[in-house]
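Fold and geometry: a report
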Amino acid sequence: MATNKTKIAIVEDNATARMNLRSNLMSLGDFDIASYSNGKELRNGLRTIEFDIVVTDFHLGQSKNGVEWIQYLTEGKLIKPSTGLVFLTSDRLPRTISQILDIHPDILIIKPYTLKTLHSSMLHYLAVRRKIKPALEFLDNEQPNKALKFIDNMLTDDLGKRTRADLIKLKGRLLIGEQRYTESAALYSDILEKSSNVLWAHWGLIKSEFMAGQWRHCQSMLDSLITEQLTKDKAYEWMACVEIGKENFTTAERLLDNIKENDLTIPATKLKVLAYKMQGRSEEAIRLLEKKRQSNFTVKERFDEYTIELARYHLQLAENSAVNDRAPKLHAAKCLIGNANRTILDQQTQHQRDYMLAFASILEGDKQRAERIVQDKTVNDAKNAKIASMVDAIKVWFNLGNTEKAKEIWNECDRKLSAKDDQIDQILADNLIFETEKSLGFAEEKAKKINDQGMVYYLANQLQEAIDLFYKARLLCPEVPAFTLNLLQCLSDIKKAEYKDQKALMLVEELRDKPLSSSNEKRFKIIQQKLKANPEIYKIHDVEDDISINVA
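Here is a short report on the structure shown in this document.

Rules used throughout
- Residues numbered from 1 in each chain as written.
- Predicted model: local features only at pLDDT ≥ 70, side-chain atom pairs only at ≥ 80, totals over all residues.
- Heavy atoms only, no water.
- Buried < 20%, exposed > 50% of the residue type's maximum accessible area, 1.4 Å probe, protein only.
- Helix = DSSP H or I, 4+ residues; strand = E, 2+ residues; numbered from the N terminus.
- Pairing = 2+ DSSP bridges.
- Core = buried A, V, L, I, M, F, W, Y, C linked by side-chain atoms within 4.5 Å.
- Contact = heavy atoms within 4.5 Å.
- Axes fitted to C-alpha atoms, helices over the stretch in contact; angles between N-to-C directions.
- Parallel < 35°, antiparallel > 145°, perpendicular 65-115°, else oblique.
- Left-handed = near helix turned anticlockwise from the far one by under 90°.
- Phe/Tyr/Trp six-rings, centres within 6.5 Å; stacked < 30°, edge-to-face > 60°.
- Salt bridge = Lys/Arg side-chain N within 4 Å of Asp/Glu carboxyl O.

Re the pairing of strand S3 (residues 53-57)
The side chains of a regular strand alternate, residue by residue, between the two faces of the sheet. When you tally the buried positions in S3, you get 5 out of 5 residues, the bulk of the element. Residue alternation in S3 divides its side chains into two sets, Ile53, Val55 and Asp57 and Val54 and Thr56, and both sets are buried. Where strand S1 (residues 7-11) and S3 come together, 4 bridges link them in parallel fashion. Its bridge partner being in S3, isoleucine 10 is matched across the sheet by valine 55.

In C-alpha cells, the structure reads:
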C-alpha cells in the first residue's frame, strides 16, 4: 500500500549517534526513516527508495565525506532535485564549513546540538517543504521555470522573515540553474545591500558574475574574501578559476599555493594539476596526484578518484608523445586503471574503465582490442557517464572510424557542459573538450555551429546566451573575423567593456588588421562609433591586472 509519509535517510558512521538521531527525528512525526553508516549504503538504498530528505554527518569514517557523497549521488541522479539536505558536523574548521555551504544545504547543524535546535530547524524546514511542494514537484519533472513562477507568486504573500529568506535562497539557485545570471546577481546584490554578512549570498553573487563572464567584478569581490578565515580557501579556488580562464596559469598556481596541499579538495587538486599541465610541468602534476593518492590510501573512493586522474594524465602524456615514446606512459596508465577498479561497483565505473583501456589500446596501435572492449557499448552508455569519460568515448569511436557515434556523444557532451553550474567543473570540462575538439579536427565545425546558434539568440534579443556562444566560437577559431566581430557587437549592445578575458577595445585593435566583407566592414564602423560615443564605459584601467595576490 502506498504511503505519503516523508522518507528520511540518516547517514552517520557512529552507531550510537545514528540511533539517537533516528529517535530524535521520530519524536517529531510519523516518518519513514532508513539509517546507513556510510555513503555506499546510502547509494544502495537510493536505488530502491526515493528519499525526501537526507540527513548526513560530514565525516563518515574511512570513506568520502558527506559533501563528496552528495555530489557523487546528485551527479548520478540518485538524489532528486527536490531532496532536502541536512548536514551535521562537529568540525568547525573553515574548509569543512565552506565545503558544506558550497552545496547549499537546507540545514546545517553544528554538533553538539540540543534537541531544541534539531527540532526547531527540522520543523521549520518541514513546514517550508509543505508550502513549496508544487515547486518541488516541478523540479523533479524537469520544469524549473514553473518552479520559479510558483516561488515568485509565493513571495508576493505575507511570509515570515525566515521563510522568505528560504524561498529567496531557492530562487537564486534556480535562476543560476536556468542560466539567468543577471537576475540571480541582482537578487544576491539586493540581499547583501541589506546585510553584508550573508555568506551564501556572497557565493551566489560571485557564481552569477563568474558564469556571466564578469570576471573583473569576481576578482574584486574575491579579493576582499581572502582575508576571512572562513572563506579564504574557497576564494583562492575561485580566483584560480578566473586566472585559468584568462590563461594566466602561473598566477593560478600561485593562488592555489596558498592552500596547504593536504587541504586541497579533489576539484582544487584537479585545478592545480591543470595549471601545472598548461605550463608543461608534468612532473609536478604527477607528484601532486601521487601525493594526494597516497595520503588517501585508506579512503577507497577518494583513492580511486585520484588514481583515475593520474591514469588519465598518463594517457594524455602518451597521446601527445611520439609513437615510439608512448609505451612507459601507457603501461603506467593501464596499471593505475586496474588498481583503481579491482572491485567494479557500478556501471558508470565500468564504462569509465573500459573507455580508458580502449583508448590506451588505440594509442598502442591495437584497434582490434579496442573494438573488443567497447563492442557492446551503446551511445547511451557514454551519455550517462561523466564528461571526462564521454570525452574518452568520443576519442575511441572517432579513432575506430565511427564518427556518427562520436558526434552524437559530442553533442550530448555540449548539453551537459552548458548545464554545469560549478565553476571548477566548468573550467576543467571546458579545457578537456576544447583540447579534444582541436585534436580531432572538430573545432571549425563546432565554431560554425555555435556561432549560428548565437545568432539565433542574438536575433531573439537573448544577448547573454548569444555572447557566450560568440565567445566560444572565437576561442575555437580566432582566425575567423566574423566570430570576433559578433562578440564585439554583443559587447557594444550590452554596453560592457569585456566578457571573461576578452576586452572590447582589444577586439577593435585586432579587427583593424583583418580583412572583412563589405557588410562586416560597415558593421565594424558602426560599432566603433558606438564605442567612441561612450569612452567611459569601454576604457579599462591598467590596475585590472594588478589583483591582490597573497603569495604563500
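Now that the structure has been shown, the text picks up again.
Observations regarding unusual backbone geometry
In the segment running from lysine 111 into proline 112, the intervening peptide bond is cis, with an omega of -10°. Position of proline 112 among the secondary structure elements: in the loop between strand S5 (107-110) and helix H5 (115-131). With a phi angle near 65°, asparagine 461 is a residue other than glycine that sits in the positive phi range. In this structure, asparagine 461 sits in the loop between helix H24 (443-459) and helix H25 (463-476).

As for the nonpolar core
With 127 residues, the main nonpolar core has Ile132, Phe210, Leu271 and Leu488 as its most contacted residues. Here isoleucine 132 is in contact with Phe150, Ile151, Met154, Leu167 and Leu170, once residues within four sequence places are set aside.

What to know about the packing of helix H9 (residues 181-194) against helix H10 (residues 199-211)
Packing of H9 against H10 leaves a shortest axis separation of 8 Å and a crossing angle of 150°. Considering their axes alone, H9 and H10 lie roughly antiparallel with respect to each other. When you trace H9 past H10, the crossing you get is left-handed. Counting all contacts with H9, which are made through Tyr181, Ser184, Ala185, Tyr188, Ser189, Ile191 and Leu192, the residues of H10 involved are Trp200, Ala201, His202, Gly204, Leu205, Ser208 and Met211.

Quick notes on the packing of aromatic side chains
A full pass over the atoms with the stated rule returns 10 aromatic pairs. Ring geometry for tyrosine 188 versus tryptophan 200: centroids 6.2 Å apart, planes at 75°, classification edge-to-face. Within this pair, whereas tyrosine 188 is found in helix H9, its partner tryptophan 200 is found in helix H10, the two being separated by 12 residues in sequence. The class for tyrosine 188 is buried, based on a relative accessible area of 1%. On the numbers, 5.4 Å between centres and 75° between planes, the contact of tyrosine 471 with tyrosine 499 is edge-to-face. Of this pair, tyrosine 471 sits in helix H25 while tyrosine 499 sits in strand S6 (residues 498-499), and the two are 28 residues apart along the sequence. A relative accessible area of 4% places tyrosine 471 in the buried class. Cluster of aromatic residues (ring-pair linked, three or more members): Phe210, Trp215 and Trp238.

Describing the environment of alanine 252
With respect to the element layout, alanine 252 can be found in helix H13 (residues 249-256). Among the residues examined, alanine 252 registers a relative accessible area of 0% and is labelled buried. Separated by 22 residues in sequence, alanine 252 and leucine 274 have C-alpha atoms that sit 9.6 Å apart.

Section: the packing of helix H16 (residues 300-319) against helix H18 (residues 347-363)
Relative orientation of the contacting elements H16 and H18 amounts to 20°, with a least axis distance of 10 Å. For the element pair H16 / H18, the angle class is roughly parallel. For the crossing formed where H16 meets H18, the hand is left-handed. Every residue of H18 that contacts H16 at Ile308, Ala311, Arg312, Leu315, Ala318 and Glu319 is listed here: Gln352, Met356, Phe359, Ala360 and Leu363.

Focus on the pattern of salt bridges
Evaluation of the coordinates by the stated rule reveals 37 salt bridges. With a shortest N-O distance of 2.7 Å, lysine 272 and aspartate 257 are connected by a salt bridge. One end of the pair, lysine 272, is in helix H14 (residues 266-278); the other, aspartate 257, is in the loop between H13 and H14, and 15 residues separate them in sequence. A relative accessible area of 3% places lysine 272 in the buried class. When the shortest N-O distance is used, the salt bridge between glutamate 305 and lysine 270 registers 3.4 Å. In this pair, glutamate 305 sits in helix H16 while lysine 270 sits in helix H14, placing the two residues 35 residues apart along the sequence. Owing to a relative accessible area of 22%, lysine 270 belongs among the partly exposed residues under this scheme.

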